Structure formats: structure tokens, C-alpha cells
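Fold and contact review
Below, each chain spelled out in residue letters.
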Amino acid sequence: MDSQKEEKKLAQRTYEVMYIVDPETPADRIEKLNEAVGKVIEKEGGTVVRMDDIGRKQLAYPIEKKNEGHYVLFEINGSGQEILELERRMRVNDMIIRYITIRVDEDRKKAEKLQAKRENRQAKRARFRATEETADTPAEAAA
Amino acid sequence: MAENFDRPDRPERAEGEMDFGDEGFGDKAPRRYQRRRPRQVVPDYVDWKDIDLLRQFIPERGKIMPRRISGISAKDQRRIATAIKRARSMAMLPFVVD
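Overview of the structure. For clarity, every value in this text was computed on a predicted model and none was experimentally measured.

So, on to the interface of chain B and chain A. Facing the eleven residues of chain B at the interface are 15 residues of chain A. Taken together, the residues of the side of chain B that touches chain A break down into eight nonpolar, one polar and two charged.

This is how it looks when you write it as C-alpha cells:
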């Protein structure tokens, strides 16, 4: 019980942060930028769950007269403090032309609940069917 | 009573009763909507990065498909719509196609 309460106080949340880097920046600078992002997150008490350098992709509409962008996705566990700092830095960074932060833990939890419910129902149905079958077989044997 | 299977959003009309066009619909014949995809399966977790899934709900113009055509539940439609909007803001989906 106590450990559960403490977890709530820390408010562990999961975020997805995606940003588009200017495609004209050299690859080594993009790598450096990604490293810097990871460092900022860890400094503010968050952990990087997943780092995905998606790479160059066609944009659906031009942003700052560019038709391509270098996509990078981060999945972060943390309290939200690191998001604050990260967004501030992304806003002033000239290389990053677009960014987005999405909180995903709540929706994922809901999805898990839905799935558990469905599995539960299926298990119940299977059990019911099984009892029906066992009830049938002795009657057939008797006949 | 004739049941309006194809238009559950409109009140039922008795058989033989005619619509003379003075009931607020004007003189145009009422539009008929066809439920194109009656039982779409939407995953429990709608990932806003899953462009291929979201594309199913975007006709050629790039607009979000209305619920009467997509035929999914209100909850699912809401989740799909927010996911599309998120993907749009990251230039993964277009706002308009012209």
C-alpha cells in the first residue's frame, strides 16, 4: 500500500516527444542534438525509454519552405519537469522546425484495461462452453 | 410503421405518408447516407504515429471522415480524430489536399 502511495506522489508519467530537424543540418550535428536532448532529460530526473531516429521523411505540407524533415522520436518516463525544460530548449533551437509532446500513459492504461476486460469475458465464455460440453457427454453416454 | 433502417437519425414515418417538403427540409429530396464501413475495428490504443491506420479515415480531400460514414463508435471516432490532428501538426498528414 505504502509503496503505491509513494509512486503516486512521484507521478511517473510517460511522454512521447517528437521533433523535426531541419534536413539541411549535417548528420553529426543531428546526432549531437539527440545526445543533448537525452542529457537534458536525465539531468531533470527523467529516463529515456526509447530513442528512435526515424530519419528523413517527406512532409505532408511545407514548413519554413522545406519539403523534407528529419524525424526523431523520444519516449520519456518522468514527472513532467524535464518536459518543461525540453520544450523551452526546443522552442529556441533553430535546427528544430517542429516539435510535439504527447502524454501516452493514460491512454495506454485505458487500452490495457479494455484488453483485460475482453480477455476476461472470453475466458468466462470458454468456461461456460466447457461446462456445457461436460454436461452433454454423460447424457449421451447414458443414452 | 416503416422503420428507417438506412436513416436512424430521422424520425419514423408511417407507410403511405408523404413528405411534401414543407417540414423544414425544403424542396430538395432528403439526402441518403450510406454507411460505408459498418464494422470497422479500431485498436484499443490509437497510435497517432500509425499513419496507415489513420489514412483509412481520410478521404481524398484530406478531411476527417464523418462518423455517419466511417460507422465507428463515438468513442473511437473521438480518438481517431485527435490522433489525426496530432499527426497533422507534425506534417505526417495533410491539412488540405488540393
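So, about unusual backbone geometry. In the Ramachandran plot, K65 of chain A falls in the positive-phi region, its phi being about 60° despite a non-glycine side chain. With respect to the element layout, K65 of chain A can be found in the loop between β2 (47-63) and β3 (66-78). Positive phi is not limited to glycine here, since A91 of chain B has a value of about 60°. Mapping A91 of chain B onto the fold places it in the segment after α3 (74-89).

Attention shifts here to the nonpolar core. Ranked by size, the top nonpolar core spans 27 residues in total, and within it V17, Y19 and I20 of chain A together with L54, A83, I84 and A87 of chain B carry the most contacts. Mapped onto this core, the elements with two or more residues apiece are β1 (13-21), α2 (27-43) and β3 of chain A together with α3 of chain B. It is β1 of chain A that contributes the most residues to this core, six residues altogether. Each residue touching I20 of chain A, except ones within four places of it in the same chain, is listed here: G69, H70, Y71, I96, I97 and R98 of chain A together with M90 and A91 of chain B.

Right, let's get into the environment of V96 of chain B. Along the polypeptide, V96 of chain B turns up in the segment after α3. Sequence separation between V96 of chain B and Y45 of chain B is 51 residues, and the spatial gap between their C-alpha atoms is 26 Å.

Once that is clear, we can look at the pairing of β3 of chain A. Residue and element names in this part refer to chain A. Two elements, β1 and β3, share nine bridges in a ladder whose sense is antiparallel. Within β3, the residue paired with V17 across the bridge is F74. Where β2 meets β3, eleven bridges bridge the pair, whose relative direction is antiparallel. Bridging across to β3, Q58 finds its partner in E68.

This paragraph deals with the environment of F128 of chain A. All names here are of chain A. Within the secondary structure layout, F128 lies in helix α4 (residues 105-142). Owing to 10 C-beta atoms within 10 Å, F128 belongs among the exposed residues under this scheme. Spatially, the C-alpha atoms of F128 and G55 are 51 Å apart, while their sequence positions differ by 73 residues.

About the criteria used
- Every chain begins its residue count from 1, and numbering advances along the sequence as written.
- The order in which chains are written sets their letters, starting at A; the order in which ligands are written sets their numbers, starting at 1.
- Whole-chain, interface and lining totals are the exception, using all residues; otherwise, since this is a predicted model, local features are given only for residues with pLDDT of at least 70 and side-chain atom pairs are given and counted only at 80 or more.
- Residues are treated as contacting if the C-beta atoms built from their backbones sit within 7 Å of each other.
- Residue polarity is assigned by list, with Asp, Glu, Lys and Arg as charged and Ala, Val, Leu, Ile, Met, Phe, Trp, Tyr, Cys and Pro as nonpolar; anything else, Gly included, falls into the polar class.
- Here a helix means four or more residues in a row that DSSP labels H or I, a strand means two or more in a row labelled E, and each is numbered from the N terminus.
- Note on terminology: a nonpolar core is a set of buried residues of type Ala, Val, Leu, Ile, Met, Phe, Trp, Tyr or Cys, with members joined through C-beta atoms within 7 Å.
- Counts of 20 or more other C-beta atoms within 10 Å of a residue's own C-beta define buried residues, counts of 12 or fewer define exposed ones, and intermediate counts define partly exposed ones; C-beta atoms are placed from the backbone.
- We treat two strands as partners when DSSP finds at least two bridges between them.

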